[in-house]
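A structural walkthrough
Here is what each chain is made of, one letter per residue.
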Amino acid sequence: MNYNLKELQYINNKMPLNDRLLYNTFFIKDYSGKNLRKPKQHVIFKAVQKGFMAVTRGSPDDDGYKHFTEDINNVTYGSAITNPIDEMGSRSSLSRDVDSTDIDHWEMNYHEAAIFLEEGENNEKFDSHPRHPSALPAYLLVHNKLYYGLDLFFSMTLLALALVENPAVDRFELPAIIHSTLELICLGVIGVELALKLRWIGWSTILNHKRTMIKCITLFIMVIEAVAVLVRQSSHFRVTRGLRPLFLVDTRACGAVRRYIRQILQSLPPILDMLVLLLFFVCSYSLLGYFLFSAHENFYFKTLPDSFISMFVLLTTANFPDVMMPSYNKTKWSAVFFISYISTVLYVLMNLMLAVVYETFTGIEKDKFRKLLLHKRQACKLAFRLLVSRQNPNTIRFKQFQGLMRYFSPKTCQRDVILIYRQLNSSGTGLLTQDEFLNIYDAISLRWRHKDPPDPWFTAAWPPLRTFCRNARVLVSLPYFEYIVYVLIIGNGLAMFIRVMESSVDLEDGARHFCASWDAWVFYMLFLIEALIRIISFGWIDYISSGWNTYDLSVTLLAIWGSVLLLMSPGFTFVVILRPLRILRLFKLKKRYRDIFGTLVLLSPLMWSTAVVMMVMYYFFAIVGMELFAGYTLENCCLNSTVEPFYKFYSNSSNSGIAYYYLNNFSNLLTSGVTLFELTVVNNWFIIMDAYAFVSGQPYLRLFFMIFYLFTMVVLTIVVASVLEAFRFRIQYKQQTSKKDEELMLHEEVIIDWNSLQQQIHDPKLLESLQMDFVYGGVTSYIGRRARTRDVLQRHMYITEITQWLQEAENEERQDINSIIEEAHINARLITA
């Protein structure tokens, strides 16, 4: 039997695009509940097979073709559609096999569409999407703020157990039965999430998800170890405690941290390549140094391992020029060896590594933005399919959008829902197309206010107060008011300088004169009056909307609090730092400092992620360090070694500062953290390394310190690269965007006509409640403002690339659909042959 290829093309063109995309991207189940690896081929093939069985070589308008197109357009997740939901375009998987007329299936569609949008916003894979009503309770239990808080709390508690486990912080140690019981409780709460995930994901998906699989294995091992500690009533060698931060990183609050760790892992290949090259030069110079200087009675090159360790430490410059001086004493030409080595590995290769990492990180940052953009786009398309009706298969009405917002953003008021809908509906048709709906994430982030400035808050106040407030508003609006404030700040700085130069009886007296003297209180009161005038003029909300205003008021109140605290308790001299903080406002005057502050604002989320990553790394190495070195004492150790002077006890009369190196140890978690930070700075870090290698009698333990240095070097190199990338990005943004363009980019205007609003909303109660926000019978204008976040700036900077990415995604989706139709065509021929 032969088929007309034009008919096949006609079928493909008639199929709704949003239906095709769903088949392409989302794993569903067939009607028997069995997982399908390729549901797009299964569903479309059955429909195409039906169509080819019924279609003849006649016109595409016959009954067979109509039956085929109905099958394509009415494919659902579950069982057959009943009369109460005939209006729906697609039936939610959350109402599968539920045909009761008591169920509002539209509400289930709204709920699932909101889940899709949340998964797009949180960058969650769609394979973890609930696909059956029985999975919804478990999904909602895990995905709620209460459980997020519990997960975060118990993850933090699990980390804090290292403070009370042996070796514990002084006076914090708990018996093994207590801390092991607490550990099992924490692991049990964390394990509940994995158990609930099985309700809607299944083992197959969990086994394919690397992060979840690692979490499962770690949880299993830790439960066994905690039970062993509980039974034995004593701890054992437990390096696996260092893996506890994995549970913290997997919490919802650390989503940005996971993305940052992923960027680090993606940046590793070029870093590893450079490390191999770097170690090649270290090994080569170690070999050369051994043969050149071992005969010079230079103990840094006694043996080949000593030579390697010395050159590795010299890579950090911590032992320079000590390692050079014995050989330099023998021959001045030996300096050429050390100068060439440092020039090659430190000034060439290390900087080259930074350049390579910067280039890689920049590409990864853009690729991360692209993937997140396309992921959100796909989530919008999946949600859109659940919101269309049969009467309007390509558009969404306000009723469906309003239902979606009840689940996706329940705290958004009805006024903002209407404004978001109108802002999305750029065509002005009153119905949202799929292309318009794709901008929902951006529209929800807008903060709305009346375009026409409202009457000042003091309009209805007592007349004398109204006059005072109006005069204050005029004063603040004067161009010279800011200059007066800057003069006061400069005067405060000069007063502080004079106080510092005065002689004081003791430190407490000097601190009191510096921040609790009469001149300090004068400036405090002047700054407080300035803040009150601004608040009276513009109101509290408008005042705190400015970051600089919030900063000024905060440091002023803190300085006043510090002065009072110092007067009550003279020993709290640390409060002297609070008075100079107001001078930071002067840096705003210079453009370069404004660029720096702007970069810091862009980097604030990244810096938080970096801090968590560093904490995770410190925690892991601290646990390993305690397990390896907690039993060793460094006081008066290392006799007859090169580091003996740093650990030798001196009498109080000598008052030598170098004898305190024994305090750099791994006796507990907090002390280990301080020791690791000193190792991060790399100043004299080899002294700690050599001391532990000496007291343990195991030179290979130096690997712990060397590996820690390599880890910190990698992370800090990526941090520097991210800072450079953020600063370059902001500079390019400033160069390409004028103030006018930025205002247009950050603001959206929406005009609401009451008559059109009545046509859109048919609920009398809702219309009555909206009369406070919109002019009855008239026109109201609102301005929506976007926050100046990195995501917003990236969408502006990459506007050309975004267009290209979206076009490539559309072409790829069309190619997938065409290949599926062609495969179905071939299979239909084989079946009917």
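Criteria and thresholds
- Residues numbered from 1 in each chain as written.
- Predicted model: local features only at pLDDT ≥ 70, side-chain atom pairs only at ≥ 80, totals over all residues.
- Heavy atoms only, no water.
- Helix = DSSP H or I, 4+ residues; strand = E, 2+ residues; numbered from the N terminus.
- Buried < 20%, exposed > 50% of the residue type's maximum accessible area, 1.4 Å probe, protein only.
- Contact = heavy atoms within 4.5 Å.
- Axes fitted to C-alpha atoms, helices over the stretch in contact; angles between N-to-C directions.
- Parallel < 35°, antiparallel > 145°, perpendicular 65-115°, else oblique.
- Left-handed = near helix turned anticlockwise from the far one by under 90°.
- Nonpolar A, V, L, I, M, F, W, Y, C, P; charged D, E, K, R; others polar.
- 1 Å grid on protein atoms, 1.4 Å probe; cavity = no way out; pocket = protein on both sides within 12 Å on 5 of 7 lines; lining within 4 Å.
- Points joined across faces, edges and corners; volume = space filled by probe spheres on them.
- Pairing = 2+ DSSP bridges.
- pLDDT = per-residue confidence, 0-100.
- Salt bridge = Lys/Arg side-chain N within 4 Å of Asp/Glu carboxyl O.
- Core = buried A, V, L, I, M, F, W, Y, C linked by side-chain atoms within 4.5 Å.
- Patch = residues over 30% accessible without salt bridge, like charges linked within 9 Å, V, L, I, M, F, W, Y side chains within 5 Å.
- Areas by Shrake-Rupley, 256 points an atom, 1.4 Å probe, with all protein chains shown as cover.

This paragraph deals with the overall build of the protein chain. Counting its secondary structure elements, the protein chain contains 34 helices and five strands. Taking all 833 residues of the protein chain together, the buried fraction comes to 47%. By sequence separation, contacts in the protein chain at least 24 residues apart represent 72% of the contacts at least 6 residues apart.

We now examine the packing of helix α8 (residues 176–200) against helix α10 (residues 210–232). It is at 9 Å that the axes of α8 and α10 come closest, and there the two elements cross at 150°. In terms of orientation, α8 and α10 fall into the roughly antiparallel class. Our pair here, α8 against α10, has a crossing hand that is left-handed. When the residues that make up the contact of α8 with α10 are grouped by side-chain class, the tally is 14 nonpolar, five polar and four charged.

What follows concerns the layout of surface pockets. Each pocket or cavity is described by its volume, and for the second largest pocket that value is around 1900 Å³. What lines the second largest pocket is a set of 46 residues, among which S545, S546, G547, R785 and R788 lie closest to the centre. Those elements giving two or more residues to the lining of the second largest pocket turn out to be β3 (447–450), α23 (518–538), α24 (540–544), α25 (547–568), α26 (591–629), α29 (702–736) and α30 (739–746). When residues of the lining of the second largest pocket are assigned to their parent elements, the largest contribution, nine residues, is made by α26. Broken down by class, the residue content of the lining of the second largest pocket amounts to 16 nonpolar, ten polar and 20 charged.

This part is about the side chain of N668. On the secondary structure map, N668 appears in the loop between α26 and α27 (669–681). Beyond its immediate chain neighbours, meaning those up to four positions away, N668 contacts P167, A168, V169 and M626.

Okay, the sheet that holds β3 next. In spatial order, the strands read β3-β5-β4; together these three strands make up an open sheet with antiparallel pairing. Among the strands making up the open sheet, the edge pair consists of β3 and β4 (747–753). Averaged over neighbouring strand pairs, the angle between their axes works out to 30° when direction is ignored. Relative to strand β5 (residues 779–785), β3 is paired through four bridges, and the arrangement is antiparallel. Looking at the pairing, H450 lines up with Y782 of β5. Helix-sheet contacts for helix α17 (residues 414–424) involve β3, β4 and β5, and the interaxial angle to β4 is about 105°. Across the sheet, α30 is in contact with β4 and β5; its angle to β4 comes to roughly 50°.

Here the focus is the confidence of the model for the protein chain. Put simply, the protein chain has an average pLDDT of 80, and 84% of its residues get 70 or more. Segment residues 1–86 is flagged for pLDDT under 50; beyond a separation of four residues in sequence, or across chains, it makes 151 contacts in the model.

Under the definition given, this model contains 35 salt bridges. Between K368 and E365 there is a salt bridge, with the nearest N and O atoms lying 3.7 Å from each other. Taken together, the residues span about one helical turn, with K368 and E365 both in helix α15 (residues 334–385) at a distance of three residues. Taking relative accessible area as the criterion, K368 reaches 29% and is therefore assigned partly exposed. Salt bridges sharing partners connect three or more residues here, namely E165, E183, E225, R238, R241, R244 and E627.

Moving on, we get to the nonpolar core. Across soluble globular proteins, you tend to see nonpolar side chains buried next to one another. One finds Y341, Y647, W685 and F705 to be the most contacted residues of the largest nonpolar core, which totals 84 residues. Secondary structure elements with two or more residues in this core: α11 (245–249), α12 (255–293), α13 (304–314), α15, α26, α27, α28 (685–696) and α29. A per-element tally of this core places α26 first, with 15 residues. Dropping the residues within four chain positions of it, Y647 is found in contact with L634, E635, N636, C637, C638, Y661, Y662, I687, I688 and A691. Grouped together as the second largest cluster of nonpolar side chains are 45 residues, L386, I396, I440 and L770 included.

Empty space among the atoms becomes apparent when a probe as large as a water molecule is rolled across them. The tally for this structure, following the rule as stated, stands at two cavities of 30 Å³ or more. If you go around the largest cavity, the residues you meet are N492, Y524, F527, V555, T556, A559, L578, R579 and R582. Every element with two or more residues in the lining of the largest cavity is listed here: α23 and α25. Each residue belonging to the lining of the largest cavity can be placed in one class, and the counts come to five nonpolar, two polar and two charged.

Below, the discussion takes up a nonpolar patch on the surface. Together, L584, F587, Y593, I596, L600 and F727 make up an exposed nonpolar region whose accessible area comes to about 480 Å². It is α26 that provides the largest number of residues to the nonpolar patch, a total of three residues. Considering the arrangement of structural elements, one finds L600 in helix α26.

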